[in-house]
Amino acid sequence: MNNRPAFELYLQEITEQITNELKEILPAEWDVPQSLRDAMQYSLMAGGKRLRPLLVVAAAEAFGAERQAALPVACAVEMVHTYSLIHDDLPAMDNDDYRRGKLTNHKVFGEATAILAGDALLTHAFYSIVQAGRKSGVSAESLLSIVEDLSELAGARGMVGGQVADMEGEQGLTNLEQLQYIHLHKTGDLIVFSLIAGARIGGATQGQLEALRVFGRDLGLAFQIQDDILDLTGDEQKMGKKTQSDVNQQKVTYPFFIGLEQSQEQVSVLTQSAKDALGRADLTDSSRLMEIADYLMRRDH
Ligand SMILES: CC(C)=CCC/C(C)=C/COP(=O)(O)OP(=O)(O)O
Ligand SMILES: C=C(C)CCOP(=O)(O)OP(=O)(O)O
């Protein structure tokens, strides 16, 4: 008999399904230049935790949707996230050598191919969203809203805008509001997208979408504060990337402004307020999303 907790098995099952779906969407024999295909697959299959696709699937299931219907959109968000990490690691940005326990994309394939692999992952994400309509019967109306949300939340007003504010602010930030803007957009917006995309697939009402936006916003902020904390206290082996990089790059972070203990307190407060918002969403079953919120904040991986 298998004694592993049900939640761990659930995580493992979804992670495997997402990886299999990604292999279908980017097949080994895909008819594109080999260096590009290799670079895209290298980072996608490098062992990321698949947290954002997990949120898409869990949100869709919380509204009673079939998991299969959510998988193409789950893959799309993982492609967007992976592109963002490839570009974030480039010499022009964070200049990191390791990601997900492996050499960064540009270290293996060179800068030009890494940039283009990121570009192609972003573009292919939109192809994958369309497949949710072609293969899994998600309505054209829902897909239209999902494409609109992704363009907004991953673009200039979302993740890219947050990344630019992060680069421009690096040493000059003077208050927590500026840092919060960066965290909410650079990291939070893709988490918000994942939740509301899943909810749209499940047929959420406007009120439920709003509640999930609040859940995602607080969860995303807590997640990035946790990332700031782990950069100081985490284990490089487990995290698969270098720690102390914020200090080395003289980046202003939550622990820099309010100290380690208060930052940890903020993570708990935000996780609780996220769960309170979720409680107000009146879902068919919110238990998995509640468990995921706790899981994200206990991570030391
Ligand atoms: C448009 C682009 C390139 C967006 C990047 C978004 C992002 C969340 C990067 C990682 O942040 P981080 O540098 O705080 O995290 P890590 O410690 O994992 O590098
Ligand atoms: C937004 C941040 C903090 C970048 C890393 O995200 P994850 O911790 O989800 O990275 P992977 O598991 O996908 O590599």
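All residue numbers refer to position in the chain's written sequence, counted from 1. By the order in which they are written, chains take letters starting at A while ligands take numbers starting at 1. Per-residue local features of the predicted model are confined to residues with pLDDT of at least 70, and side-chain atom pairs are confined, for both listing and counting, to 80 or more; whole-chain, interface and lining totals are unaffected and use all residues. Here the side-chain values reflect all heavy atoms present in the structure, with hydrogen atoms and water set aside.

Per an unreviewed UniProt entry, the protein goes by the name Farnesyl diphosphate synthase and belongs to Paenibacillus amylolyticus. UniProt positions are given in the numbering used here, feature names are shortened, and annotations may be inferred rather than shown by experiment. Its UniProt record gives the protein the following Catalytic activity (unreviewed entry) comment, quoted word for word: "isopentenyl diphosphate + (2E)-geranyl diphosphate = (2E,6E)-farnesyl diphosphate + diphosphate". Regarding the protein, the UniProt comment filed under Sequence similarities (unreviewed entry) reads as follows: "Belongs to the FPP/GGPP synthase family."

Any space left empty among the atoms is revealed by the rolling of a water-sized probe across them. We place a 1 Å grid over just the protein atoms. Points where a 1.4 Å probe fits but has no way out form a cavity, open points with protein on both sides within 12 Å along at least 5 of 7 lines form a pocket, and any residue with an atom within 4 Å of a point lines it. Grid points are joined across faces, edges and corners, and a volume is the space filled by probe spheres set on the points. Within this structure, the stated rule accounts for two cavities of 30 Å³ or more. Taken as a whole, the largest cavity spans an internal volume of roughly 90 Å³. Lining the largest cavity are 13 residues, with Ser43, Ile86, Asp89, Arg99 and Arg100 positioned closest to its centre. Going along the chain from the N terminus, every DSSP run of H or I of four or more residues is numbered as a helix, and every run of E of two or more is numbered as a strand. Mapped by element, the contributors of at least two residues to the lining of the largest cavity are α2 (34-44), α4 (67-88) and β2 (102-103).

Taken together, twelve residues sit near ligand 2, with Lys49, Arg52, His81, Arg100 and Asp227 positioned nearest. Here a polar contact is taken to be a pair of N or O atoms separated by no more than 3.5 Å, where protein atoms must pair a possible hydrogen donor with a possible acceptor and residues adjacent in sequence count only if both atoms sit in side chains. Contact between ligand 2 and Lys49: an oxygen atom at 2.7 Å from a side-chain N or O atom of the residue. In the complex, 90% of the free accessible area of ligand 2, which totals 400 Å², lies under the protein chains. Taken atom by atom, the bulk of ligand 2 overlaps the largest pocket. Of all the secondary structure elements, the ones that give two or more residues to the shell around ligand 2 are α3 (51-62), α4 and α10 (206-233). Among the elements that take part in the shell around ligand 2, α10 stands out by supplying three residues, more than any other. Polar here means any residue other than Ala, Val, Leu, Ile, Met, Phe, Trp, Tyr, Cys and Pro, which are nonpolar, and Asp, Glu, Lys and Arg, which are charged; Gly is therefore polar. The residue makeup of the shell around ligand 2, split by class, is three nonpolar, four polar and five charged. Nearness of a residue to a molecule or strand requires only that one of the residue's heavy atoms be within 4 Å of it. Per-residue accessibility takes into account occlusion by the displayed protein chains alone, with areas from the Shrake-Rupley method and a 1.4 Å probe. The rule for placing a molecule in a cavity or pocket is simple: more than half of its atoms must lie within 2 Å of the grid points.

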